[in-house]
Amino acid sequence: MASDKPVTLAAIAGAHGVTGDVRHKLFGEGVESLQRFRAFNDSALTLTKLRDDGKGGAIARFAEVTDRNGAEALRGTTLTVPRSALPPLEEGEYYHADLLGLPAVSTEDEDLGEVIAIDNFGAGDVLEIKRPTGKRFMVPMRIEAVPEWDDARIVITASFAEPD
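Every value quoted in this text rests on a predicted model; they were computed, and no experiment measured them. (Residues numbered from 1 in each chain as written. Predicted model: local features only at pLDDT ≥ 70, side-chain atom pairs only at ≥ 80, totals over all residues. Heavy atoms only, no water.)

Draft legend 1. Seen up close, the environment of Leu 45. The residue Leu 45 is located in strand β4 (residues 45-52) in this model. Leaving out residues up to four positions away in the same chain, Leu 45 has contacts with Arg 38, Ala 39, Phe 40, Phe 62, Glu 64, Leu 74 and Leu 79. (Helix = DSSP H or I, 4+ residues; strand = E, 2+ residues; numbered from the N terminus. Contact = heavy atoms within 4.5 Å.)

Shown next as structure tokens:
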């Protein structure tokens, strides 16, 4: 499923201090998800320093930002890397970016729509599917509900697909 579409790893939440540091909201699994990269947003931002903020986020410094005003100007900026730069996945693992936009079909090959969102409310990922009619339904990302997926489609067990 690897391609070079940009994958968002974090968003800049605002400035931290007066020397250009920024606070991040992380979308991966901790600071480690950012540590393997030095350049973000097609090399527009170069990471020079990164640390855990102790609250589930991170504090970072970029070479291109030298003061608080520059840091504040980045508020809301997402940090992206090419999908091909992410580590390979083990069997049964997935990146959200790979599932978003995939067509969804039932185990009986009925067109169910498209994956439009992936949420996690604490018990695991939940896929939101938008039917061609516009109606939406949610499916847990568990093997009994989603027995298979690849880069072309996601298959949903018919009993988990709400009637249209």
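Now that the structure has been shown, the text picks up again.
Draft legend 2. Structural context of the side chain of Ser 33. Tracing the backbone shows Ser 33 in helix α1 (residues 32-35). A residue is classified by how much of its surface remains accessible, and Ser 33, at 11% relative accessible area, is buried. Within polar-contact distance, the side chain of Ser 33 engages the backbone oxygen of Gly 30 at 2.7 Å. Among all residues touching Ser 33, those that are not within four sequence positions of it are Leu 9 and Gly 28. (Buried < 20%, exposed > 50% of the residue type's maximum accessible area, 1.4 Å probe, protein only. Polar contact = N/O pair within 3.5 Å; in protein donor to acceptor, adjacent residues only side chain to side chain.)

Draft legend 3. Representation of the pairing of strand β8 (residues 111-120) in the model. Where strand β7 (residues 103-106) and β8 come together, three bridges link them in antiparallel fashion. By the bridge assignment, Ala 104 is partnered in β8 with Gly 113. Between β7 and β8, which pair antiparallel in sequence order, lie four residues; one of them, Asp 109, sits at a positive phi of approximately 70°. Here six bridges tie β8 to strand β9 (residues 125-130), and the two strands are oriented antiparallel to one another. Its bridge partner lying in β9, Ala 117 is registered against Glu 128. Linking two consecutive strands that pair antiparallel, namely β8 and β9, is a turn of four residues; a positive phi of about 115° is found at Gly 122 within it. (Pairing = 2+ DSSP bridges.)

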